Amino acid sequence: RVPQQRLAPPRFRPPPATIPFDGVMSIFKAQAPAKPTPPPVTPRTEAQELASKDTGAALTPAFLGANQFSDEKLRQAAPAAYSALEQSRTTGAPLKKEFKDQIAKAMMEWAIRRGAVCYAHWFAPMRGCNAQKHDGFIDLDFSSPSVVKPMKKDFDGGKLFMAETDGSSFPNGGLRQTHTAAAFNSWDMKSPVFVRNETMYIPSCFVAWTGMALDEKTPLLRSMGAISKEGVRMLNHLGDKVSEVRTFVGWEQEFFVISKDAYLRRPDLMAANRTVIGAPPARGQQADTNYFGQIPPSVAHYLEAVQKEFFLLGIPMTTYHNEVAPGQHELAPIFSVSNVAVDQNMLCMELMQELADLHGLYVLFHEKPFQGVNGNGKHNNWSVQGILASGGGSLNLMKTGANKEDQVRYTVATACLARGMKLYGDVVRCACIGAGNDHRLGAQEAPPAIMSLYPGVGMEAHLKAVAAGGPLEGYAGEDKNLAYGAAACQTVRVNAEDRNRTAPFPHCGNRFEFRAVGGMQNTAHPNTLINTVLADSFSAWSDLVEGGMSIRDATAAMLKDGMPAIFTGNGYGKDWPQVAVQERGLLNLHNTVTALDEFAKEKNKALFSK
């Protein structure tokens, strides 16, 4: 008898350096014999070609924002229409038809010069990725006597400000049915249109025939209106004369980059954007060698192309670097007003995936695509600013200062935010829900699922003093000098408070950073919820003051509710979950299903019904 042959297990082949984890590929697909491949040719986009024609061309006014129809371009093309638009988007006053048509014509002529032949209302259904329908800049010339009407170039205000589609084919929670399907787009007048390839994109809202929101942006704009109304009301009580209150967002997008070939060989990645089987690498992130390390050349060329495209589109993307996990990276632009920042992030994710394909790469935004290493977050740096009625600038409610007025304003705003975090911690937790984020939260630089506020140790002491009867002023948060101890380095000024990366909502000098947002999320949703929560506390504070309570006592009342949500310790401490729940009355909603049960409670329905 011939002895049965015992097959040796296949030898593990380590993945290429640009792939963080490849796993055991033979489980999914038999490996074909390796074929010699020609050396890769790094593709170059049109933006890179334009940027390379002259030294420094990418940083010239002719390049920066060339594919964005800015306010200045509209003002030059149609000054009267621009003035009417500026008033309309501030007050909500209706625009005359003649001004709508002038704006549309100016847009079309500009877009055609940029190579566009179509336009598309670009909007965010409740599904994670944006939607678009392309229409040509044409119509039939009905003034012609010919039976077969000739075509002509056309785009008017009616087409800019309204487009109809079927709402029942988008996620809608029962708001639309096949027999009641009408839904409509309209341009978000505060977000500029832009050109990509041969299409002019119009950032838009999306609502049902009934007026109910079917998208992520419409609730965001409504929440921005709510926080403006209640913020103006609050600031007026403090003696600050402002015309409106605006929220600003600066997002930081984390992501993994793998080869397109590795992605196509992994059914789990293709189906779920995360691995469900595989082997960990011999070296992960234990030695911290990847963070801010040299970017692999293939990824560096890719990110250079991304940055140039962003510059053309008017997105001020200044930063990109290696993140902590192998194959992980991050990019971030300068902050912008919230609705524009959200549009920029959605465009960022679309553009990154499109350009990655040209480079033979694939981008993973999933919150936890690989086990045992850091996941992808989308840090949401959020500030609230009052726009002075005199036109002389703004007041940042999330930054203290040397004078009494700044200190009082910051103390009041922080107390209101603390109250919101305590009373509506479940709402804030639902701002960062999702199966992917459930895997991510609570370890490896992601904050825990217990929503708390970190104002800094010094500010926490000040708030405790206010709650005990002390004055509102007294915390200047003055930056401190940091000496390097070497003559070759200058002494620098740094924030008064340290950085706490285990906090879901830490203060960062002039803003709060909502660190729990997931990498795949549309940031409109989390900003809608935190705007609403803060607007409610502003309203509650104003109600107390208008009822006869002093400004100091009204702030102390906010802290009576909110102090349990203020935590400046270690969010990874083993005792924190027990202390948070049993001693402070906070919620530990560790998964999405549990969080949504809380979200449906009557108090939260009342919050969004105000």
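Our subject is the structure that appears above.
The following paragraphs examine the structure supplied in this document. (Residues numbered from 1 in each chain as written. Predicted model: local features only at pLDDT ≥ 70, side-chain atom pairs only at ≥ 80, totals over all residues. Heavy atoms only, no water.)

**Examining the overall build of the chain**
Keep this limit in mind: In DSSP terms, a helix is any run of H or I states spanning at least four residues, a strand is any run of E spanning at least two, and both are numbered starting from the N terminus. Between the two quantities, the radius of gyration covers C-alpha atoms and the globule rule is 2.2 Å times the number of residues to the power 0.38. For every residue, the accessible area obtained with a 1.4 Å probe (protein chains only) is divided by the maximum for its type, and the residue is called buried under 20%, exposed over 50%, and partly exposed between those limits. Pairs of residues are marked as contacts when any of their non-hydrogen atoms sit within 4.5 Å. Only the protein chains shown count as covering a residue, and every accessible area follows the Shrake-Rupley method with a 1.4 Å probe.
A count of helical and extended segments in the chain gives 19 helices and 20 strands. The C-alpha atoms of the chain give 27 Å as radius of gyration, which agrees with the globular expectation for 610 residues (25 Å, within 12%). Buried residues in the chain amount to 51% of all 610 residues. Sequence-distant contacts, at least 24 apart, represent 70% of the contacts inside the chain between residues at least 6 apart. Carbon together with sulfur atoms contributes 55% to the accessible area of the chain, which is approximately 28,800 Å² in total.

**Looking at the pattern of salt bridges**
Here the idea is simple: oppositely charged side chains can pair when their charged atoms come close. Selection rule: One side-chain nitrogen of Lys or Arg within 4 Å of one carboxyl oxygen of Asp or Glu is enough to make a salt bridge.
A complete count under the given rule lists 32 salt bridges for this structure. As a salt-bridge pair, arginine 409 and aspartate 406 come within 2.7 Å of each other at their nearest N and O atoms. With a gap of three residues between them, arginine 409 and aspartate 406 both fall in helix α11 (residues 404-423), about one helical turn apart. You'll find arginine 409 and aspartate 406 in the same group, each marked buried. In this structure, a network of salt bridges that share partners links the residues Glu230, Arg233, Asp543 and Glu546.

**A few points about the packing of helix α6 (residues 217-237) against helix α10 (residues 338-358)**
For clarity, the threshold we go by: Helix axes are fitted only over the stretch in contact, all axes being lines through C-alpha atoms; the angle between N-to-C directions runs from 0 to 180 degrees. When describing relative orientation, an angle under 35 degrees is termed roughly parallel and one over 145 degrees roughly antiparallel, while 65 to 115 degrees is termed roughly perpendicular and anything else oblique. Less than a right angle of anticlockwise turn of the near helix away from the far helix marks a crossing as left-handed, whereas a clockwise turn marks it as right-handed. For this scheme, ten residues count as nonpolar: Ala, Val, Leu, Ile, Met, Phe, Trp, Tyr, Cys and Pro. Four count as charged, namely Asp, Glu, Lys and Arg, and the remainder, Gly too, count as polar.
Viewed as axis vectors pointing N to C, α6 and α10 meet at an angle of 155 degrees, and their least axial separation amounts to 10 Å. Judged by the inter-axis angle, α6 sits roughly antiparallel to α10. Every pair of crossing elements has a handedness; the one defined by α6 and α10 is right-handed. Contacts between α6 and α10 involve Lys217, Leu220, Leu221 and Met224 from the first element and Ser338, Asn339, Val342 and Asp343 from the second. Split by residue class, the contact of α6 with α10 holds four nonpolar, two polar and two charged.

**Digging into the packing of aromatic side chains**
We count it as follows: Paired rings are identified among Phe, Tyr and Trp, the last through its six-membered ring, by centres lying within 6.5 Å, and are further divided according to the angle between planes into stacked (under 30 degrees), edge-to-face (over 60) and tilted (the rest). Geometrically, a charge over a ring is one whose NZ (Lys) or CZ (Arg) sits within 6 Å of the ring centre while staying within 35 degrees of the ring normal.
As enumerated under the stated definition, the model contains 21 aromatic pairs in all. Relative to tyrosine 362, the ring of tyrosine 263 has its centre 3.6 Å away and its plane inclined at 10 degrees; by these criteria the two rings are stacked. Residue tyrosine 263 is located in helix α7 (residues 260-264), and its partner tyrosine 362 is located in strand β13 (residues 361-364); the two are separated by 99 residues in the primary sequence. Judged by relative accessible area, which is 13%, tyrosine 362 ranks as buried. Taken together, a centroid distance of 4.5 Å and an interplanar angle of 40 degrees make the contact between tyrosine 291 and phenylalanine 292 tilted. Look at tyrosine 291 and you get partly exposed, because its relative accessible area is 34%. Residue phenylalanine 292 is classed as exposed on the basis of its relative accessible area of 56%. An aromatic cluster is present here, built from Trp382, Phe505, Phe512 and Phe514 joined pairwise through their rings. When the ring centre of phenylalanine 161 is taken as reference, the NZ or CZ atom of lysine 100 above it lies at 5.2 Å.

**Section: the nonpolar core**
Rule in force here: To define a nonpolar core, start from buried Ala, Val, Leu, Ile, Met, Phe, Trp, Tyr and Cys residues and group those joined through side-chain atoms within 4.5 Å.
Membership of the largest hydrophobic core comes to 95 residues, with the highest contact counts inside it found for Tyr302, Leu331, Met352, Trp382, Phe505, Phe514 and Leu534. Counting 28 residues, the second-largest nonpolar core is a separate cluster that includes Leu74, Ile103, Tyr119 and Phe155.

So, to be careful, I would describe these as geometric facts and stop short of saying anything about function.
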